[in-house]
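Listed here are the chains, written in short residue letters.
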Amino acid sequence: MATTGVMRPGHIQLRVLDLDESVDFYKNVLGLVETARDEAGRVYFKAWDERDHNSVILRQADRAGVDLIGFKVKDAATLEQLDKDLQAYGVATERVPAGELLETGERVRFTIPTGHVMELYADKTDVGNGQPYTNPDPWIPAAEHGIAPHRFDHCLLYGPNLEENLKLFTEVLGFHLVERILMEDGKSLLATFISCSHKAHDLAFVAHPEPGKLHHVSFLLGSWEQVLRAADIMSMNRVSIDIGPTRHGITRGTTIYAFDPSGNRFETFCGGYETYPDHQAITWTFDEVGAGIFYHDRKLNERFLSVVT
Amino acid sequence: MATRTPPVWHAVTIADTGETYRCREDESLLIGMERLGKRGIPVGCRGGGCGVCKVHVTAGSFAKRVMSRDWISEDEEAGDIVLACRVRPQSDIRLEVLGKMKKNVCA
């Protein structure tokens, strides 16, 4: 499909409790590439196969969780138009100047109904994936350092107002609903999986009374074999594993979940299917939510449901 | 091959269940409990971020690491209310479980 408007999740800023320990984890265990540090003390990373300067930014704080998530839009005109569209819809926006985040252009920042801070931006410096744009090799040594995902892929956020939130993303920001889970009443939304591209999800939300919570940040791997390799690397490094390797019914991805050294959950996954805006959304009923989330166990795990940062 | 110092063990008693387990001085109260297949303290992120393993240490000495202020206030920390995943025992320990999934493991 033609990817226009909002293109993809581009960056996520995470709060960590111990910066040095976290930098070592993100660099050497997860296997991201450190690209910069700024005056505020934030540390910037990208996955080896990403081309833009940064996708994961760590900030030391006294609590874990997510500060903000940024989506890259097609160009500067799109950014201006989306800012106008958001304001016309009744969403207050603010501008964050270019350079506040290194190698990143001006951002349009707003808070979504689930309480999370979102940003849109059109520019981030292309530093490449370590290969030239002419006659590249398929991968580089960084592709084998640590778990070494290809990219920051999506995240799952917990918060209230899922109906209102879905409307904002589909009516203003150009996302489409790919899958959803309904509550016991058969009507209210327990979870939504939405896409602004051909991916099975670019964002997911689960209903939760507390706003602004992070369930997980997800990184893409190339194969099921790499999911097993990720699990091995986690155990070798005594990483706190939540569940897996297993498969989701929802989106069909193969996956393993674990926690970073501050308790922020992350996923390294592979697969799923491709989606288009004309595809009818898939619905999971409350009584089958176990199989939807963990296809083999067919039941929920309370830690997976209730532990968020 | 490098020689390893044998681990030092301490006894940890969960007052809610009366259960006692041995925990190494170089491991957290939570990992020590999990290693032996014991239950009693709810297990969350194991990284000081989610607050699930909140406990009150009522006796014993321990070393602790940074914990999320979302779950442990400065006053609580001063009163030995901590996250079991961030605490390593330096003597025998007695604790009470406060975490939010307590009903599952202490019922």
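Caption draft 1: Up close: the overall build of chain A. Regarding its fold elements, chain A presents six helices and 17 strands. Counting every position in chain A, which comprises 309 residues, the buried fraction comes to 58%. Long-range pairs, those at least 24 residues apart, make up 66% of the contacts in chain A with a sequence separation of at least 6. Taken as a whole, chain A presents about 12,600 Å² of accessible surface, with 50% of it coming from carbon and sulfur. Distance between charge centres in chain A, computed from 30 positive and 45 negative side chains, equals 1 Å.

Caption draft 2: Expanded view of the sheet that holds strand β15 (residues 253-259) of chain A. All names here are of chain A. Read from one edge to the other, the open sheet built from nine strands follows the order β14-β15-β16-β13-β9-β12-β11-β10-β17, with strand pairing classed as mixed. Lying at the two open borders of the sheet, with one neighbouring strand each, are β14 (240-247) and β17 (282-284). If you compare each strand with its neighbour and ignore which way they point, the axes differ by 15° on average. The strands touched by helix α3 (residues 162-171) are β9 (151-159), β10 (176-182), β11 (189-195) and β12 (203-207); relative to β11, the strand with the most contacts, the crossing angle is about 15°. Across the sheet, helix α4 (residues 224-236) is in contact with β14, β15 and β16 (265-271); its angle to β15 comes to roughly 15°.

Caption draft 3: Seen up close, the layout of surface pockets. In this model, the largest pocket occupies a volume close to 940 Å³. Counting only elements with at least two residues in the lining of the largest pocket, the list comes to α1 (19-29), α4 and β14 of chain A together with α1 (29-35) of chain B. At four residues, the largest contribution of residues to the lining of the largest pocket is made by α1(A). Split by residue class, the lining of the largest pocket holds ten nonpolar, five polar and 13 charged. Put simply, the second largest pocket is a space of about 420 Å³. Around the second largest pocket, the lining is made up of 19 residues, and of these R8(A), P9(A), E50(A), R151(A) and F152(A) lie nearest the centre. Counting only elements with at least two residues in the lining of the second largest pocket, the list comes to β1 (6-16) and β9 of chain A. Residue composition of the lining of the second largest pocket, grouped by class: four nonpolar, seven polar and eight charged.

Parameters at a glance
Residues numbered from 1 in each chain as written. Chains lettered and ligands numbered in written order. Predicted model: local features only at pLDDT ≥ 70, side-chain atom pairs only at ≥ 80, totals over all residues. Heavy atoms only, no water. Helix = DSSP H or I, 4+ residues; strand = E, 2+ residues; numbered from the N terminus. Buried < 20%, exposed > 50% of the residue type's maximum accessible area, 1.4 Å probe, protein only. Contact = heavy atoms within 4.5 Å. Areas by Shrake-Rupley, 256 points an atom, 1.4 Å probe, with all protein chains shown as cover. Lys, Arg positive; Asp, Glu negative; His and termini not counted. Charge placed at Lys NZ, Arg CZ, Asp CG, Glu CD. Pairing = 2+ DSSP bridges. Axes fitted to C-alpha atoms, helices over the stretch in contact; angles between N-to-C directions. 1 Å grid on protein atoms, 1.4 Å probe; cavity = no way out; pocket = protein on both sides within 12 Å on 5 of 7 lines; lining within 4 Å. Points joined across faces, edges and corners; volume = space filled by probe spheres on them. Nonpolar A, V, L, I, M, F, W, Y, C, P; charged D, E, K, R; others polar.

Treat this as a map of the structure, not an account of what it does.
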